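Here's the letter readout for the chains.
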Amino acid sequence: MTDRNDDLFTAAQAVTPGGVNSPVRAYGSVGGTPRFLASAKGATVTDASGIEYIDLVASWGPALLGHAHPEVVAAVQDAATRGLSFGAPTEGEVQLARMITERVRLGDLAPIERVRLVSTGTEATMTAIRLARGVTGRDLLVKFAGHYHGHSDGLLAEAGSGVATLALPGSAGVPAPIAAQTLVIGYNDRAALETVFAEHGDRIAAVIVEAAAANMGVVAPEPGFNRFIADTAHAHGALMILDEVLTGFRVHHAGYWALQASLGEEYLPDIITFGKVIGGGMPLAALGGRAEVMDQLAPVGPVYQAGTLSGNPLSVAAGLATLRLATPAVYARVDAAAARVANALDAALTDAGVVHAVPRAGNLFGVVFAAEAPRNYAEALAQESFRYPPFFHAMREQGVALPPSVFEAWFLTAAHDDEALTRIERALPAAAAAAASAAAASARS
């Protein structure tokens, strides 16, 4: 009897490019057939063949509370009874924007005074860049190799995430003059940032950076690096765009920016982008910043942005419910679960004799098959990534679903209870052994 996932993948390939609607889902870097998911609840997902897995993907981050949290589902259902979309303002949009402005602050530091809701993280970063160019009257953008900010044209040069997985330097279809507006430098490299501003400072509109890199594996900024970006950009009249699409409301109640500020690294980005958790699993993203910057957006300013489904009422309802439920106790539970799994991962690979590191940024972590955690994209690419596919499949065979790429973060949720965490811990030794044997097989070939 064939696996239902195999049948669906065959059918999907006949009607969808590659059989998927986002490239990393195709299992290109791990091999095998993607799992077509039929349902999810709490810490688990169930595939089309009825097999249940402990989930460490969490919809790539949004499921902070766990899948299908009853109160979030109820909020969406209630909103749906009043209409699916209006193309007009709603009270929920005002409530969510106010919640973001009030939540993203620490003491006297309050980087967000205005919020614009959009539908995707790509749309948020694209709009943030256009806004920065409109505010400064400059064209050039600085980004860091391996950082992923969505798939808009100017951002696919040396990006991470699916681009890293597929080993693509960029993308076909991006005109050379557009790509030339993006200056790519190494991450955690202060000298490179100083040099690019020394050479192009009066033409640079903004520096965009993931608050903590999590699309080339987890690579945290070195102490003081994000503050150095802000100081350098501001000294040259440029803006800092902090991309918290992945980290925002996932690693701290106010995002990675606040986590750093709480540890003594205070700085003020000009624009912050959000996604994933902000929509509770529904399509929703946002950008926010101080009023003098954000008020350059239409209709009050000259920088145009629009979206028929921006602030969709179902998405807003899911986001409001999720953020209201994301209490300090929830973050403490997620932090503890992440630490437990990361420590177990480290121990299992050590016991199996596998060279590795387990880099962390808040409650985000991942595995790197190298002796030290990478500081930048080049070091992330240099790892022995061939060890990950057998590790991945060994975990799946034991009922644990991991991200299908070594270049992705692992996500825990508040629903990962002791039983779920114990199942993960029990699966790790066999997966570590599979990674170790892959290295031996490679040496013999």
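The coordinates are above.
Residues numbered from 1 in each chain as written. Predicted model: local features only at pLDDT ≥ 70, side-chain atom pairs only at ≥ 80, totals over all residues. Heavy atoms only, no water.

Enquirer: Can you explain the sheet that holds strand β1 (residues 37-41)? Please cite residues and give values.
Expert: Strand order in the open sheet formed by 4 strands is β1-β2-β3-β13, with mixed pairing between adjacent strands. Strand pairing shows two members of the sheet lacking a second neighbour, β1 and β13 (400-401), which therefore form its edges. As judged from the 3 bridges shared by strand β2 (residues 44-47) and strand β3 (residues 52-55), these two strands associate in the antiparallel manner. Directly across from V45, in β3, lies its bridge partner Y53. (Pairing = 2+ DSSP bridges. Helix = DSSP H or I, 4+ residues; strand = E, 2+ residues; numbered from the N terminus.)

Enquirer: Let's hear about the nonpolar core: which residues, and what values?
Expert: Within the largest apolar cluster, 82 residues are counted, with the highest numbers of intra-cluster contacts made by I100, F144, L193 and F249. L56, F365, F369 and F391 belong to the second-largest nonpolar core, a separate cluster that totals 38 residues. (Core = buried A, V, L, I, M, F, W, Y, C linked by side-chain atoms within 4.5 Å. Buried < 20%, exposed > 50% of the residue type's maximum accessible area, 1.4 Å probe, protein only.)

Enquirer: I'd like to hear about the environment of S59, residue by residue, with values.
Expert: Among the structural elements, S59 can be located in the loop between β3 and α2 (70-81). Given the relative accessible area of 39%, S59 is considered partly exposed. Considered as a pair, S59 and H200 are 141 residues apart in the sequence and their alpha carbons are 39 Å apart.

Enquirer: Please set out the pairing of β3 residue by residue, giving values where relevant.
Expert: Counting the residues in the hairpin turn of β2 and β3 gives 4 residues, including G50, whose phi is positive at 85 degrees. Where β3 meets β13, 2 bridges bridge the pair, whose relative direction is parallel. When the bridges of β13 are listed, D55 appears paired with A401.

Enquirer: Go over helix α1 (residues 4-15), please, and point to the residues and values.
Expert: End to end, α1 covers 17 Å across 12 residues, agreeing with the expected 16 Å (1.5 Å per residue, within 8%). Considered for burial, the residues of α1 that qualify are N5, F9 and A12. With its buried residues spanning 65 degrees around the axis, α1 presents them on a single face. Exposed residues pointing more than 90 degrees away from the buried face of α1 are listed as T10, A14 and V15. For α1, the capping residue at the N-terminal end is D3, with a side-chain oxygen 2.6 Å from the backbone nitrogen of N5. (Expected span 1.5 Å × (residues − 1). Arc of directions from axis to C-beta. Polar contact = N/O pair within 3.5 Å; in protein donor to acceptor, adjacent residues only side chain to side chain.)

Enquirer: How would you sum up the environment of I54? Please name residues and give values.
Expert: Tracing the chain through its elements places I54 in strand β3. When the C-alpha atoms of I54 and G42 are compared, they prove to be 9.2 Å apart, with 12 residues separating the residues in sequence.

Enquirer: Residue-level account of the pairing of strand β5 (residues 140-144), with values.
Expert: Counting buried positions along β5 gives 5 out of 5 residues, so the element sits mostly inside the fold. Burial of the side chains of β5 extends over both faces: L140, V142 and F144 are buried on one face and L141 and K143 on the other. Relative to strand β7 (residues 204-210), β5 runs parallel, the two being bridged by 3 bridges. Bridge pairing in β7 places V142 opposite V207. Bridge count for β5 against strand β6 (residues 182-185) is 4 bridges, and the pairing is parallel. By the bridge assignment for β6, V142 is matched with L183.

Enquirer: Outline the pattern of salt bridges, listing residues and values.
Expert: Counted by the stated rule, this structure contains 11 salt bridges. Between R290 and E292 there is a salt bridge whose closest N-O contact spans 3.4 Å. According to the relative accessible area criterion, R290 is partly exposed, its value standing at 27%. Within the structure, one salt-bridge network assembled from shared partners comprises D3, R35 and D47. (Salt bridge = Lys/Arg side-chain N within 4 Å of Asp/Glu carboxyl O.)

Enquirer: So what about the side chain of N312? Which residues, and what values?
Expert: Position of N312 relative to the elements: it lies in the loop between α10 (291-294) and α11 (313-325). Note on N312: relative accessible area 13%, which makes it buried. A distance of 2.9 Å separates a polar atom in the side chain of N312 from the backbone oxygen of L84.

Enquirer: So, unusual backbone geometry: which residues are in play, and what are the values?
Expert: For the peptide bond that leads from A298 to P299, omega is 15 degrees, which places it in the cis range. The topology assignment puts P299 in the loop between α10 and α11. For N188, which is not glycine, the phi dihedral falls at a positive 60 degrees. A residue is classified by how much of its surface remains accessible, and N188, at 4% relative accessible area, is buried.

Enquirer: Account for the sheet that holds β5, with residues named and values stated.
Expert: Pairing is mixed in the open sheet, where 7 strands are placed in the order β4-β10-β9-β8-β7-β5-β6. Here the strands that pair on one side only, and so sit at the sheet edges, are β4 (114-118) and β6. Strand-to-strand twist across the sheet, computed as the mean angle between neighbouring axes with direction ignored, equals 20 degrees. By the bridge criterion, 4 bridges tie strand β8 (residues 239-244) to strand β9 (residues 271-274) in an arrangement that is parallel. The residue of β9 that forms the bridge with I241 is I271. Lying on the sheet, helix α3 (residues 91-103) is in contact with β4 and β9; it crosses β4 at an angle near 125 degrees. (Axes fitted to C-alpha atoms, helices over the stretch in contact; angles between N-to-C directions. Contact = heavy atoms within 4.5 Å.)

Enquirer: So what about the packing of aromatic side chains? Which residues, and what values?
Expert: Pairs of aromatic rings are described using the distance from one ring centre to the other and the angle between the two planes. Within this structure, the stated rule accounts for 11 aromatic pairs. Ring centres of F249 and F274 lie 4.9 Å apart, and the angle between their planes is 20 degrees; this geometry places the pair in the stacked category. Of this pair, F249 sits in the loop between β8 and α9 (256-262) while F274 is found in strand β9, placing the two residues 25 residues apart along the sequence. F249 sits in the buried class, given a relative accessible area of 0%. Aromatic pair Y388 and F392: ring centres 6.2 Å apart, planes at 40 degrees, arrangement tilted. With Y388 and F392 both in helix α14 (residues 388-397) and 4 residues apart, this pair spans about one turn of that helix. Both residues of the pair, Y388 and F392, count as buried. One aromatic cluster is present, formed by Y27, F365, F369, Y388, F391, F392 and W410 through successive ring pairs. Geometry around F228 places R190 over its ring, the cationic atom sitting 4.9 Å from the centre. (Phe/Tyr/Trp six-rings, centres within 6.5 Å; stacked < 30°, edge-to-face > 60°. Lys NZ or Arg CZ within 6 Å of the ring centre and 35° of its normal.)

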